[in-house]
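The residues making up each chain are set out below.
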Amino acid sequence: MRTRAILGSILASTSVLIVGYQAGVSVTTSDGTSLTLPVDSAAGTDPNATTTETAPTDSSSGSSSGSTTDSTAPEAAAPETAATGPTDGTYTGSSVSTRFGNVQVAVTISSGSITDITALQLTDDDGRSVQISNRAAPILRTAVLESQSAQVSNVSGATYTTQAYLASVQSALDQAGA
Amino acid sequence: MRHVFETMGTVASIELPSAWASERAELERIFRAVDDRFSLYRPDSELSKVADSRLTLPSASSVLLASYARALEWRAATGGNFTPNRPDGTIDLNGIVKAEAIEQAGEYLTSVGCPQWSINVGGDILVSPTGAATAVTSPAGQLAPALLRAGIADPAAPTQLLCSLELRHPRRAIATSGSAQRGDHIWRGGSFEPAEFVQVSVVANDIVTADVLATTIVAGGQAALDDVTDRWDVDVITVDRAGDLRATPGLVSALASAS
C-alpha cells in the first residue's frame, strides 16, 4: 500500500496545484501579497473533489495526470497571461490537508508557464518523508531521453541468444573495441 | 582490450587492460566449467543427471549444492517470486548460475590483481571495484575511479538504447530481465497472464543480487517491485507492457548525461 500512498500523495499535490491553479485559487507570494491566478474555463471542478478522485488512482491514470502537468497547465496560463497573468516568480500555495497528510507546493512561473514545482511538504501515510523512499515512481520517457546519447561501453538487456547478439548494440560496441 | 566469446548460450564481452590479456583463457575456463555443470541442455551435465534421477541430490557435488542452497535462500527472501524449481519440480539453476559465474570471474580477476575490468555476459554487467575503463584524473589531482557507462537496451527496439547510466562504486552490477529477447522464460507462479513488466533492470552492489531481483520483479510485477525497492538497497528501472517507465530516485540520479 505504500506505493499507492506515495504515488497518491504526489498525484494529490500535483492535482491540488493544477486544479487550484486552473480554478483560480489564491496563492500568497513571497512578499505576502495575495494573487489570484487565471481561471481556466475547462477546469470548473472543485479542487477538493478532484483531489480525492485523483489520489487513489493507479499508476496508469497516474501517467495521464503527469501529462496534464506537462500540457494543460502552461496552456491554461498562456492565453490569460498577456492581459492579467501572474508575473514571473515563485509562488507558495497554502498547505492542504489530504488523506496522505499535509501537502504544500511552490510553483515557479516564467513567461506565463509553470517551469518548476517544488514540494514543500509531502508526507505519506506513515508520516515518513517521501524523499527517503526508494520506491520506483512513473517517469516520462523524456526524462531519460538525454541519457540515450551518452557514450557507453556496455549494454544491459534481457539475455540475448548468440544469434540475437549479432544484431545487438553490444556486438557493435565489441567490434569497435569500446 | 575487449575479449568476446560464446558461453552459456549467449556471448561474453570482457574488457581487460592489454597487459592482462593472458587471463582470457582462465576466464573462459571458469564460464565453461559452470556451463558444463549446470546446463540442462547438456544431457551429461551434473544438473541434467539430477533432473532425470541419474544422480540423487545428496550425492551431488558441493558446488551444485551450494548454488542450489543459495537459490533456495533467494526463493525464501523473495516470497517465491524467484525460484530454482520449474513448475514440474525440475531443479533449474539458470536464474542464478550465470550471475554466479560472472561473480566468480570477477573474484578471480581481483585475486590476480587485475586493476580494472568489466564483464558483460548476455547483458548482465559487473565492473571492478576500481571502475572499468581508463582511469581519469579528478580536478583535485587524485586518481578517481573510472565510471562504466552502461546502456540499457530498449525492449521495443533491441538495437536502440532506452537510457544510459553510470555504474558508480559500490553499485558495480546491473542485470536486466525480461521477455524481449528469449521469450517469456520466467515462471510466474503458474500464471499465464502476460508479465506486467516486459523489462526490468536492477543496479546493485553485486551481480547475483541484481540478477535475482530483476527476475523477481518480472515474475512478481508491481507488488514485487515495491517489495524489492523497500527491502534491498538497489536501483531499478522497469518498462511495462504499455511502454511506460518506472524508476527509483537513485536510478534517475545515475542517468548519464549526453556526451
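Fair warning: this is a prediction, and the values are worked out from it, not measured in the lab.

**Student:** Explain the overall build of chain B to me, please; I cannot follow it from the model alone.
**Tutor:** Counting its regular elements, chain B contains six helices and 12 strands. For chain B, the residues scored as buried account for 53% of the 259 residues in total. Nonlocal contacts in chain B, meaning residues at least 24 apart in sequence, comprise 54% of its contacts between residues at least 6 apart. For chain B, the exposed surface amounts to about 10,600 Å²; the carbon and sulfur share of it is 53%.

**Student:** Explain the packing of helix α3 (residues 62-77) of chain B against helix α4 (residues 94-111) of chain B to me, please; I cannot follow it from the model alone.
**Tutor:** All names here are of chain B. One can describe the packing of α3 onto α4 by two numbers: an axis separation of 11 Å at closest approach and a directional angle of 115°. Every pair of crossing elements has a handedness; the one defined by α3 and α4 is right-handed. Residues S67, R70, A71 and W74 of α3 touch α4, and the partners they reach there are I96, V97, E100 and E103. Here the contact of α3 with α4 is composed, by residue class, of four nonpolar, one polar and three charged.

**Student:** In this structure, what is going on with the interface of chain B and chain A? I would like to understand it.
**Tutor:** Many descriptions give the size of an interface as the accessible area lost when the pieces come together. On the chain A side, the residues contacting the 59 residues of chain B number 40 residues. Between chain B and chain A the total buried area reaches about 4,100 Å² when both faces are included, carbon and sulfur atoms providing 48% of it. With a shortest N-O distance of 3.6 Å, R141(A) and D154(B) are connected by a salt bridge. The tally of links between chain B and chain A comes to 23 residue pairs in polar contact (both at pLDDT 80 or more). Note that strand β7 (residues 137-139) of chain A and strand β12 (residues 245-247) of chain B share three bridges and pair antiparallel. By the bridge assignment for β12(B), I139(A) is matched with L245(B).

**Student:** Explain unusual backbone geometry here, please?
**Tutor:** For residues other than glycine, phi is negative in most cases, and the peptide bonds are mostly trans. Residue and element names in this part refer to chain B. Residue P170 is bonded to the preceding H169 through a cis peptide linkage, with omega at 5°. Looking at the element boundaries, P170 is found in the loop between β8 (157-167) and β9 (173-178). In this structure, M8 takes a positive phi of about 50° despite not being glycine. For M8, a relative accessible area of 12% corresponds to the buried category.

**Student:** Mind showing me how you'd approach the confidence of the model for chain A here?
**Tutor:** Close inspection of predicted coordinates is inappropriate for parts of the model with low pLDDT. All names here are of chain A. Within chain A, residue pLDDT values average 62, and 42% of them lie at 70 or more. Looking over chain A, one finds the lowest element-wise mean pLDDT in helix α2 (residues 47-54), namely 39, and the highest in strand β8 (residues 154-156), namely 92. Confidence over residues 16-33 falls short of pLDDT 50; this stretch has 52 contacts with residues more than four positions distant or in other chains. When the criterion is pLDDT under 50, residues 127-131 qualifies, and its contacts beyond four places in sequence or with other chains add up to nine contacts.

**Student:** Quick question: what am I supposed to make of the nonpolar core here?
**Tutor:** Across soluble globular proteins, you tend to see nonpolar side chains buried next to one another. Residue and element names in this part refer to chain B. Of all hydrophobic cores here, the largest spans 52 residues; its most connected members are F31, L93, I96, I119 and V202. Considering every element that reaches this core, the biggest residue donor is helix α5 (residues 207-231), with 10 residues. Counting residues in each nonpolar core, the second largest holds 20 residues, with A150, L165, I237 and L251 among its members.

**Student:** Hey, could you run me through the packing of α4(B) against α5(B) in this one?
**Tutor:** Helix-helix packing is described using two parameters, namely the angle between the two axes and the distance between the axes. All names here are of chain B. The contact between α4 and α5 brings their axes to 8 Å, and the two run at 160°. The angle between α4 and α5 falls in the class roughly antiparallel. The way α4 lies across α5 gives a crossing that is right-handed. On α5, the residues that touch G95, I96, A99, E100, I102 and E103 of α4 are I207, V208, D211 and V212. Looking at the contact of α4 with α5 residue by residue, the class counts come to six nonpolar, one polar and three charged.

**Student:** What is the right way to look at α4(B) in this model?
**Tutor:** Three or four residues apart is the spacing at which side chains of an α-helix point the same way, because the helix has 3.6 residues per turn. Residues and elements named next belong to chain B. When the terminal C-alpha atoms of α4 are compared, their 26 Å separation across 18 residues agrees well with the 26 Å that a helix rising 1.5 Å per residue should span. Restricting attention to buried positions, one finds in α4 the residues I96, V97, K98, A99, E100, A101, I102, E103, A105, G106 and L109. Check the buried side of α4 and you find it contacts α1 (24-38), α3, β3 (118-121), β4 (124-127) and α5. The first or second residue beyond α4 is G113, which carries a positive phi of 85°.

**Student:** Hey, could you run me through the sheet that holds β8(A) in this one?
**Tutor:** Remark on secondary structure: sheet strands pair via backbone hydrogen bonds, oriented parallel or antiparallel. In space, the three strands of this open sheet follow the order β8(A)-β7(B)-β8(B), with mixed pairing throughout. Looking at which strands have only one partner, the edges of the open sheet turn out to be β8 of chain A together with β8 of chain B. For this sheet, the mean angle separating the axes of adjacent strands, direction not counted, is 40°. Its contacts with the sheet put helix α6 (residues 169-176) of chain A on β8 of chain A together with β8 of chain B, and the angle it makes with β8(A) is roughly 165°.

**Student:** Quick question: what am I supposed to make of the sheet that holds β7(A) here?
**Tutor:** Pairing is antiparallel in the open sheet, where nine strands are placed in the order β7(A)-β12(B)-β11(B)-β10(B)-β9(B)-β4(B)-β3(B)-β2(B)-β1(B). With partners counted over all chains shown, the strands left at the sheet margins are β7 of chain A together with β1 (2-7) of chain B, one partner each. Sheet twist, expressed as the average angle between the axes of neighbouring strands with direction ignored, equals 15°. When β4(B) meets β9(B), the two strands line up antiparallel, connected through two bridges. Within β9(B), the position partnered with I125(B) by the bridge is I174(B). Against the sheet, α1(B) touches β1, β2 (10-15) and β3 of chain B, its axis set at about 20° to β1(B).

**Student:** Can you help me understand the pattern of salt bridges in this one?
**Tutor:** If the charged atoms of two oppositely charged side chains come close together, the side chains can form a pair. Evaluated as defined, the whole model comprises 22 salt bridges over all chains. Between D226(B) and R135(A) there is a salt bridge; the shortest N-O distance is 3.6 Å. Highlighted residues: D226(B) in helix α5 and R135(A) in the loop between β6 (113-122) and β7, drawn from two different chains. R135(A) carries the same exposure label as D226(B), and that label is buried. For R168(B), the salt bridge is made with E166(B), and the minimal N-O distance between the two is 3.1 Å. Of the residues examined, E166(B) reaches a relative accessible area of 12% and is grouped as buried. What you see here is one network of salt bridges that share partners, running through R135(A), D226(B) and D230(B).

Rules used throughout
Starting afresh in each chain, residues are numbered from 1 along the sequence in its written order. For this description, chains carry letters from A and ligands carry numbers from 1, given in the order in which they are written. It should be noted that, the model being predicted, local features are given only for residues of pLDDT at least 70 and side-chain atom pairs only at 80 or more, the latter also being counted only at that level, while totals for whole chains, interfaces and linings use all residues. Computation of side-chain values covers all heavy atoms of the structure but excludes hydrogens and water. Here a strand is any run of E in DSSP of at least two residues, a helix any run of H or I of at least four, and the numbering for each starts at the N terminus. Buried residues are those whose accessible area, probed at 1.4 Å on protein chains only, stays under 20% of the maximum for their type, while exposed residues exceed 50% and partly exposed ones sit between those limits. Here, residues are in contact when the closest pair of their heavy atoms is within 4.5 Å. Note that accessible areas follow from Shrake-Rupley with a 1.4 Å probe, and for residues the cover is restricted to the protein chains shown. Throughout, an axis means a line fitted to C-alpha atoms (over the contacting stretch in the case of helices), and angles, computed between N-to-C directions, take values from 0 to 180 degrees. It is the rotation of the near helix from the far one that decides the hand of a crossing: anticlockwise by less than a right angle makes it left-handed, clockwise makes it right-handed. All amino acids are sorted into three groups, where Ala, Val, Leu, Ile, Met, Phe, Trp, Tyr, Cys and Pro are nonpolar, Asp, Glu, Lys and Arg are charged, and the leftover types, Gly among them, are polar. Summed over both partners, the accessible area (1.4 Å probe) lost when two parts come together is defined as the buried area. Within this document, salt bridges are pairs made up of a side-chain nitrogen of Lys or Arg and a carboxyl oxygen of Asp or Glu, the two lying within 4 Å of each other. The definition of a polar contact used here is a pair of N or O atoms within 3.5 Å, where within protein one atom must be able to donate a hydrogen and the other to accept one, and adjacent residues in sequence count solely through side-chain atom pairs. Strand pairing is assigned whenever DSSP detects at least two bridges linking the two strands. Per residue, pLDDT captures the predictor's confidence, and it can take any value from 0 to 100. We call a set of buried residues a nonpolar core when its members are Ala, Val, Leu, Ile, Met, Phe, Trp, Tyr or Cys and they connect through side-chain atoms within 4.5 Å of each other. Roughly parallel refers to an angle under 35 degrees, roughly antiparallel to one over 145, roughly perpendicular to one between 65 and 115, and oblique to any angle outside these ranges. To estimate how far a helix should reach, multiply one less than its number of residues by 1.5 Å.

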